[in-house]
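# Examining the three-dimensional arrangement
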Amino acid sequence: MIISTRYFKNGLKKAVTMSYDDGPFEDYRLVELFNKYGLKGSFFLNTNYLDSDEARQPEKVNIKDVAKLYKGHEIAVHTVNHCDLRSVTDNRFREEIIENRRVLENIADYPVRGMSYPYGYYNDKVVDLLGYLGIEYSRTTQSHKSFSCPDNFLTWHPTCHHSDALERIPAFESPRWNSDMALFYVWGHSYEFERNGDKWDVIEEFAKKISGRDDTWYATNIEIKDYITAVRNLKFSCDSTMVYNPSCLDVWIDVDRQPVKIKAGMQTDLK
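First things first, this report covers the structure right here in the doc.

The rules behind these values
All residue numbers here refer to positions counted from 1 along the written sequence of the relevant chain. A pLDDT threshold of at least 70 governs which residues receive local features in this predicted model, and a stricter bar of 80 or more applies before side-chain atom pairs are shown or counted, although totals over entire chains, interfaces and linings include all residues. Each side-chain value is worked out from all heavy atoms of the structure, with water and hydrogens disregarded. Labels follow the DSSP assignment, with helices taken as runs of H or I lasting at least four residues and strands as runs of E lasting at least two, numbered in each case from the N terminus. The globule rule used for comparison is 2.2 Å times the number of residues to the exponent 0.38, while the radius of gyration itself is calculated over C-alpha atoms. Each residue gets one of three labels from its accessible area relative to the maximum for its type: buried under 20%, exposed over 50%, partly exposed in between, using a 1.4 Å probe on protein chains only. What makes two residues a contact is simply this: any of their non-hydrogen atoms within 4.5 Å. DSSP bridges decide pairing: two strands pair if at least two such bridges lie between them. A clockwise path from the first strand over the helix to the second, with the strands pointing away from the viewer, defines a right-handed crossover. Working note: the arc is built from the helix axis to C-beta atom directions.

Glancing now at the overall build of the protein chain. On a plain count of helices and strands, the protein chain comes out with seven helices and 14 strands. Taken over C-alpha atoms, the radius of gyration comes to 19 Å for the protein chain, in line with the 18 Å a tight globule of 271 residues would show. By its C-alpha atoms, the protein chain is 65 × 45 × 30 Å across when sized along the principal axes. For the protein chain, buried positions account for 51% of its 271 residues. Considering only residue pairs separated by 6 or more positions, the protein chain has 65% of its internal contacts joining residues 24 or more positions apart.

Have a look at this one:
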């Protein structure tokens, strides 16, 4: 009997997740596009810069729209003021994370556990502190161009920026990535589609080509993180004939080239 952990939710071998920063006004259009094609995104927001009647930030999403706009997606931490966390005091560090979480949780009505690093900047101290503040993953801006899952979710490197996403699709379809859990993780800023010369037709073409696949799970960052963590926390007997799933999520593993469902909170006999 050969056992491996190479399936995403529902026994699917591949997954796609999107990740966008700052909450610019263009998120209204981007979320509409994602909803049209069934893509799921995680959106990292600076709460001090979201638009309000008082703040007069016309280039940002209005804070009153956040819950409705991002429904079905994920909102997560990007600090209150989009600061370089390497250069702030410990007290300021805590305030930037905790206050950002507090405001977003009041809007979203769920625990906010994810983050992306402002400017992509971090160091060992930043990574070490995040775990004490309720942050379970944080995305970098260091694209690795592959479809591997992260070893450390607090330094989660994406596959590529959206400007390179279309050209990565053939590699994602390659048989090389049919033998393991292949994760296509795209990041960017929605304002780049208008302000930086990127084109809306590029991201829509990507959405058309990557969506609707029977072998692919479309999920938010936190859904990916929770699922992979549950798979990694499975408890196998020493002869691999039994497995216990201590998590609250059903997961799928490969047993002799077939997907087998391991139910949440249950022990499964694999013989």
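Before going further, it helps to examine the pairing of strand β8 (residues 182-188). Counting buried positions along β8 yields seven of seven residues, so the element is predominantly enclosed. Where burial is concerned, the two faces of β8 agree: the one with A182, F184, V186 and G188 and the one with L183, Y185 and W187 are both buried. Sheet topology places strand β7 (residues 160-161) next to β8; two bridges connect them, and they run parallel. In the sheet register, H161 faces β8, and the bridge partner there is W187. For the segment spanning β7, helix α5 (residues 165-172) and β8, crossover handedness is right-handed.

Another point: unusual backbone geometry. Residues other than glycine seldom take positive phi values, yet T79 does so here, at roughly 75 degrees. With respect to the helices, strands and loops of the structure, T79 is situated in the loop between β4 (74-77) and α3 (90-108). For R257, which is not a glycine, the phi torsion comes out positive at approximately 70 degrees. Turning to its location among the elements, R257 is positioned in the loop between β12 (251-255) and β13 (258-262). The class for R257 is exposed, based on a relative accessible area of 62%.

With that settled, consider helix α1 (residues 27-37). Buried residues of α1: D27, L30, V31, L33, F34 and Y37, and no others. The buried residues of α1 occupy one face: seen down the axis, they fall within an arc of 160 degrees. α1 presents E32 and K36 as exposed residues on the side facing more than 90 degrees away from its buried surface. Residues of α1 that are buried make contact with β2 (14-21), β3 (41-45), α2 (66-69) and α6 (200-210).

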